[in-house]
Amino acid sequence: MTEAVAGEGFLLGCISCKKREEVSARATVDWHFKPQGEVEFRHIFHYDHPSANILHQDFSQRLEWRGTKNKDIQIGAIYIHNVTFNETGMYRCTILRTLFLSLYNEHVTVEKDVELNVVAVANRELTSVISEIMMYVLIVVLQLWLIGVLVYCYKKISEEYEVRDANKALKAQAQLSKDNSDGVQIE
């Protein structure tokens with residue numbers, strides 16, 4: 001289930017890769033649309049490199065080829081401009097590929113269905129909301145941790161300075177006592 005926002009554009013994706021790149025091939029892509037509540041698909045788009053044809057008047061001037069632009073099509077994506085509520089339904093991508101093997105030609109057909117739901121306003125997915133919350137929680141926790149580390153380090157350094165200063169004072173006092181006494185013991 002995929003959501004599109006009415007009045008905006010939407011990319012319908014369809015990918016079909018060959019298993020072996022060294023085999024040459026030629027492919028065509030057809031897109032069909034079955035509106036919500038209907039049983040039959042309508043043929044709306046055909047791509048046979050280099051020509052793209054919009055075949056249904058409801059999509060006239062609103063479909064754009066966004067797939068592979070060579071004869072061996074791997075990506076059969078189309079872009080719908082200005083999506084309307086009437087475009088809610090099932091889309092079917094059919095990639096017809098002919099593999100040119102050394103002894104014969106192999107014909108392969110791949111079909112992918114995409115269910116599209118057109119909405120007035122985009123709904124945020126639960127995962128994006130959770131990830132955003134986690135991001136902010138981590139930022140706060142890491143900042144608090146950093147402040148804690150800085151306070152700890154400051155205290156350690158401060159204690160070391162105090163110990164060093166106390167040692168200096170004791171040494172100075174001992175030196176003073178030694179210098180003032182000149183062999184005379186003061187009680």
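The rules behind these values
- Residues numbered from 1 in each chain as written.
- Predicted model: local features only at pLDDT ≥ 70, side-chain atom pairs only at ≥ 80, totals over all residues.
- Heavy atoms only, no water.
- Helix = DSSP H or I, 4+ residues; strand = E, 2+ residues; numbered from the N terminus.
- Rg over C-alpha atoms; globule rule 2.2 N^0.38 Å.
- Buried < 20%, exposed > 50% of the residue type's maximum accessible area, 1.4 Å probe, protein only.
- Contact = heavy atoms within 4.5 Å.
- Areas by Shrake-Rupley, 256 points an atom, 1.4 Å probe, with all protein chains shown as cover.
- Lys, Arg positive; Asp, Glu negative; His and termini not counted.
- Charge placed at Lys NZ, Arg CZ, Asp CG, Glu CD.
- Disulfide = S-S within 2.5 Å.
- Pairing = 2+ DSSP bridges.
- Axes fitted to C-alpha atoms, helices over the stretch in contact; angles between N-to-C directions.
- UniProt positions renumbered as here; feature names shortened; annotations may be inferred.

A. Just the overall build of the protein, in detail. The helix and strand tally for the protein stands at 1 helix and 9 strands. For the protein, the succession of helices and strands along the chain, N to C, is β-β-β-β-β-β-β-β-β-α. By the compact-globule yardstick of 16 Å for 187 residues, the protein is too spread out, its C-alpha radius of gyration being 37 Å. Projected onto its principal axes, the C-alpha coordinates of the protein cover approximately 115 × 50 × 25 Å. Within the protein, the proportion of its 187 residues that are buried is 27%. For the protein, long-range pairs separated by at least 24 residues make up 57% of all intrachain contacts whose partners lie at least 6 apart in sequence. Counting only carbon and sulfur atoms, one obtains 57% of the accessible surface of the protein, whose full area is about 13300 Å². Distance between charge centroids for the protein: 5 Å, based on 20 positive and 25 negative side chains.

B. Layout of the state of the cysteines. Per the counting criterion, the structure on display carries 1 disulfide. Linked covalently through their sulfurs, C14 and C93 form a disulfide whose S-S length is 2.1 Å. Here C14 and C93 share a disulfide; its torsion about the S-S bond, -80°, makes the bridge left-handed. Separated by 79 residues along the polypeptide, C14 in the loop between strand 2 (10-12) and strand 3 (24-35) and C93 in strand 8 (residues 89-100) bring together distant segments of the chain. Between C17, a free cysteine, and C14, which holds the nearest cysteine sulfur, the sulfur-to-sulfur gap is 10 Å. C17 gets classed as exposed once you look at its relative accessible area, which sits at 54%.

C. Quick peek at the side chain of E87. In this fold, E87 is placed in the loop between strand 7 (78-80) and strand 8. Judged by relative accessible area, E87 falls into the buried class, the value being 3%. In this view, E87 contacts F33, F59, R62, I80, N82, L116 and V118; residues no more than four positions away in its chain are not counted.

D. Spatial organisation of the sheet that holds strand 1 (residues 2-5). Sheet architecture is open: 6 strands sit in the order 1-9-8-3-4-5, paired in mixed fashion. A single partner strand is all that each edge strand has here, and the edge strands are strand 1 and strand 5 (51-54). Ignoring strand direction, the axes of neighbouring strands in this sheet form an average angle of 25°. Across 4 bridges, strand 4 (residues 42-48) lies against strand 5 in antiparallel orientation.

E. View of the UniProt feature "transmembrane region" (unreviewed entry) in the protein. UniProt's feature table lists "transmembrane region" (unreviewed entry) at residues 133-154, given in the numbering used throughout. Strand forms 0% of residues 133-154 and helix 100%; the C-alpha atoms that close the span are 32 Å apart.

F. Expanded view of unusual backbone geometry. In this model, H49 is joined to P50 through a cis peptide bond whose omega is 10°. One non-glycine residue with positive phi stands out, namely Q61, at about 65°. Positionally, Q61 belongs in the loop between strand 5 and strand 6 (63-65). The backbone of N82 shows a phi angle near 50°, a positive value even though the residue is not glycine.

G. Local environment of the UniProt feature "domain: Immunoglobulin V-set" (unreviewed entry) in the protein. Sites flagged by UniProt as "domain: Immunoglobulin V-set" (unreviewed entry) map to residues 3-118. A helix fraction of 0% and a strand fraction of 53% characterise residues 3-118, whose end C-alpha atoms lie 6 Å from each other.

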